Amino acid sequence: MLRLGLIFRRQESIWSRLLIFFLTFLIAIPAFGQAGLALIAGNTSGPGAVDAVGTATRFRVPAGIAADAAGNVYVADTGNHAIRKIDRGGGVSTFAGTMGIVGGADGPQNMARFNTPVGIAVDAAGNVYVADTGNHIIRRISPSGVTTTVAGTMQVGGSVDGVGTAAQFNAPTGIAVDAANNLYVADAFNHTIRRISSTGVVTTLAGMPHISGSDDGTGQAARFNTPVGIAVDTAANVYVADAGNNTVRRIDGAGVVTTLAGMTGIPAANDGIGTIAGFNTPFGIAADNTGNLWVADTGNFTVRRISADGTVTTFAGIAGSFGNEDGTAEARFNAPYGIAVNPSGGLYIADTGNHTVRGISLAGAVTTYAGPLPGGGSMDGTGAAARFTIPFGIAAEASGTLYVSDTGNHSIRKISPAGTVATFAGTAGSPGAADGSGVASQFNLPYGIAVDTIGNVYVADTGNHVIRKITGTGVVTTMAGVAGQAGNADGTGLDARFNTPAGIAVDSAGTVYVADTGNHTIRKVTSTGVVSTLAGVPGSFSSGADGTGPAARFNTPLGIASDPGGTLYVADSGNHTIRKVSPAGVVSTVAGSVETAGSLDGNGRQAQFNTPVGIAVDAAGTIYVADTGNHTIRRLTPAGDVTTIAGTPNVGGVALGALPGNLDFPVGLALSGPNSMAVTSGNSVIKLSLQ
């Protein structure tokens, strides 16, 4: 099934499933009516790219974490492509790389570039080592912040032993350093463990390149399955979080591999001794000086301890229950990844899904050390008191009332012109397909939403594969499709089938148009429920062929809008383009470079977009686009000129105030008045005023 995070965050990295920040302390929030970004409702806290102190800091998908003897903490801020440093006072700075910019350059601090860095380690002299996963290389950052490449061939995945850059890795994810400055690397996609000597010689310590398995044995006789985390103890024993096998492995000084804990191939969460215990996709591992191993049991949302005698216990978190609460028994994590021992006692956790760094005391008390906890939820209220969870679509009626598809809460919310949020339809947190009135009805991951001139609301109920209609009084009916049955059939009402429909629009005659995302087509639904395919071929997607009806091709269309003359505009997300569909079904590309993601203003096909999703068109024919992958709002004039009007390209998080400001994966877009629009971004609804 189509998932919001998979649609957008796959553009950033293979690790971004785990895929909004708050800067109002830096700049003033504009009053409505002034140019800029202002909060309508919800919470702008969440992922981002801000250096600050403690909970004012923002990370994006932090993965690896390490601590030096002085108490400084280093974080591989994977989604920001940067290395961050947290000093003992909680102050966070960018140690190397430039947040939001991908590359592979060596050099001092902000001149260096990384590509999805995941693993991190620090030696006794304060040198930081990074598994630069997307570049397939190992980097070293000196205490003064100068980055050099230690081993691996830039952007070439392979498995070659050798010296320095003559060697090759394939998505190295974990890294550890011993007292003699030898490095150990979990070479995930090669299913091997590599060793880099202090002189830069790379050898394969254990496992067979390209062959996954779970066999114990010596050297290349052993097998691993996507090893991710790695640690080394004071005796030079190496420990591996063998994620694909759901186990923890040990490699002794002679290269002999044994399974220390976990049931091979069986995801589980039970405590116990050795292979009686269970793990679920463990990613992070660390060793302390007393013989304990600490494991970030990512799939179980917990932190586990393996004592010197092999006894596995759950130290923090509750298996199967994710969240963001601090505390002891009540503590929760969301896909914890990296783990490091605090030299002063306790642990540091890169709580990846929460975009935070957490601390755990030796007594098991969890606190948020840096970065805010997400502000999602499902609370009615006014302005910042309201809560949403990944709101997607948004629509506005002439009165100024907004309707929001609160996707993560499986509900439809209504925002009054005064900013008061109420649940209009659906049961928060309860996915389903029931028709009914108001909160007696159910939705399943509703994405797109539209409203007609008489107050009827139309919803692309994506997870149910159906189109729903809500009257002005809140009565929900299924207009077309059958809940739970994906397909591509034309027909009337229940005879029709859709496949993860995401975008929806309605014209002045009450005809509904659907971006049928999983089918890569544009569908038409008349007011009597007759469904037909207007353009594209079900199940056939390609590089954006223009043409009439079935001669045209789309690739994961997500947004759709209708102008007063019945012309449709489509955010063809997978092709990174904006398409036009005439009432006769003639498809043409209006702007964007087909299959080329980027952020370039210009005319027509000279411009570039990155996974555009939300789209709206005004009465003058000007198109506005939520350019989701670029974190920006773009304007496309009738003459084809594309300009960026809000947000900073490649910089996520929400920064309210004067334009351009910052937006975090904006997805929904609705024109809400002259020179203004409402945008869904993160867990909030934001007003963009152009004057």
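Residues numbered from 1 in each chain as written. Predicted model: local features only at pLDDT ≥ 70, side-chain atom pairs only at ≥ 80, totals over all residues. Heavy atoms only, no water.

Novice: Just to check I follow, could you spell out the confidence of the model for the protein for this structure?
Specialist: When pLDDT is low, close inspection of the predicted coordinates is not appropriate. Counting all residues, the mean pLDDT for the protein is 91, and 95% of those residues have values of 70 or more. Confidence drops under a pLDDT of 50 for residues 1–33, and excluding neighbours within four residues, the segment shows 117 contacts in the predicted structure. (pLDDT = per-residue confidence, 0-100. Contact = heavy atoms within 4.5 Å.)

Novice: Whenever I open this one, the sheet that holds strand 2 (residues 62–67) confuses me. Can you help?
Specialist: Sheet strands line up and pair through hydrogen bonds in the backbone, either parallel or antiparallel. Read across the sheet, four strands follow the order 2-3-4-5 without closing on themselves; strand pairing throughout is antiparallel. Two strands in the sheet have a free side with no partner beyond their single neighbour: strand 2 and strand 5 (92–96). Within this sheet the neighbouring strands show an average axis-to-axis angle of 30°, counted without direction. Pairing analysis gives four bridges linking strand 4 (residues 82–86) to strand 5, with the strands arranged antiparallel. Counted as the bridge partner of lysine 85 is serine 93 from strand 5. (Pairing = 2+ DSSP bridges. Helix = DSSP H or I, 4+ residues; strand = E, 2+ residues; numbered from the N terminus. Axes fitted to C-alpha atoms, helices over the stretch in contact; angles between N-to-C directions.)

Novice: What am I meant to see in the packing of aromatic side chains here?
Specialist: The geometry of two aromatic rings is summed up by the distance between their centres and the angle between their planes. Scanning all chains against the criterion turns up seven aromatic pairs. Summarising the aromatic geometry, the rings of phenylalanine 283 and tyrosine 337 are spaced 4.8 Å apart at their centres and angled 55° between planes, so their arrangement reads as tilted. One end of the pair, phenylalanine 283, is in the loop between strand 21 (272–273) and strand 22 (284–287); the other, tyrosine 337, is in strand 26 (residues 336–341), with 54 residues separating them in the sequence. The exposure class assigned to tyrosine 337 is buried, which follows from its relative accessible area of 5%. (Phe/Tyr/Trp six-rings, centres within 6.5 Å; stacked < 30°, edge-to-face > 60°. Buried < 20%, exposed > 50% of the residue type's maximum accessible area, 1.4 Å probe, protein only.)

Novice: What should I look at first to understand the pairing of strand 24 (residues 302–306) in this one?
Specialist: Looking down a regular strand, the side chains alternate between one sheet face and the other. Counted residue by residue, strand 24 has four buried out of five residues, so it is predominantly covered. Relative to strand 24, strand 23 (residues 293–297) is paired through five bridges, and the arrangement is antiparallel. The residue of strand 24 that forms the bridge with leucine 293 is isoleucine 306. The loop that links strand 23 with its antiparallel partner strand 24 comprises four residues; one of these, phenylalanine 301, has a positive phi angle of about 65°. Two strands pair when backbone bridges link them, and strand 24 and strand 25 (residues 311–316) are joined in this way by four bridges, in the antiparallel orientation. Across the sheet, residue isoleucine 306 finds its bridge partner in strand 25, namely valine 312. Hairpin remark: strand 24 followed by strand 25, antiparallel, with four residues in the connecting loop; positive phi at glycine 310, about 90°.

Novice: How do you make sense of the environment of alanine 335 when you look at a structure like this?
Specialist: With respect to the secondary-structure elements, alanine 335 resides in the loop between strand 25 and strand 26. With a relative accessible area of 0%, alanine 335 lands in the buried category. Here the alpha-carbon distance between alanine 335 and glycine 474, two residues 139 residues apart in the chain, equals 37 Å.

Novice: Help me understand the nonpolar core, please; the structure alone is not making it clear to me.
Specialist: The tendency in soluble globular proteins is for nonpolar side chains to be buried side by side. Counting residues in each nonpolar core, the largest one holds 15 residues, and the members touching the most others are Leu37, Ile633, Ile645, Leu669, Met677, Ile686 and Leu688. Of all the elements in the fold, those that place two or more residues in this core are strand 52 (623–627), strand 54 (641–646), strand 56 (676–681) and strand 57 (683–689). Dropping the residues within four chain positions of it, leucine 688 is found in contact with Gly36, Leu37, Ile633, Ile645, Ala646, Leu659, Asn675, Ser676 and Met677. (Core = buried A, V, L, I, M, F, W, Y, C linked by side-chain atoms within 4.5 Å.)

Novice: How should I be thinking about the UniProt feature "repeat: NHL" (unreviewed entry) in the protein in this particular structure?
Specialist: As annotated by UniProt and renumbered to match this structure, "repeat: NHL" (unreviewed entry) occupies residues 59–89, 114–144, 164–199, 442–473, 498–528, 549–584 and 604–639. Along residues 114–144 one finds 0% helix and 52% strand; the C-alpha atoms at either end are 17 Å apart. Taken end to end, residues 549–584 is 0% helix and 44% strand, and its two terminal C-alpha atoms sit 8 Å from one another. (UniProt positions renumbered as here; feature names shortened; annotations may be inferred.)

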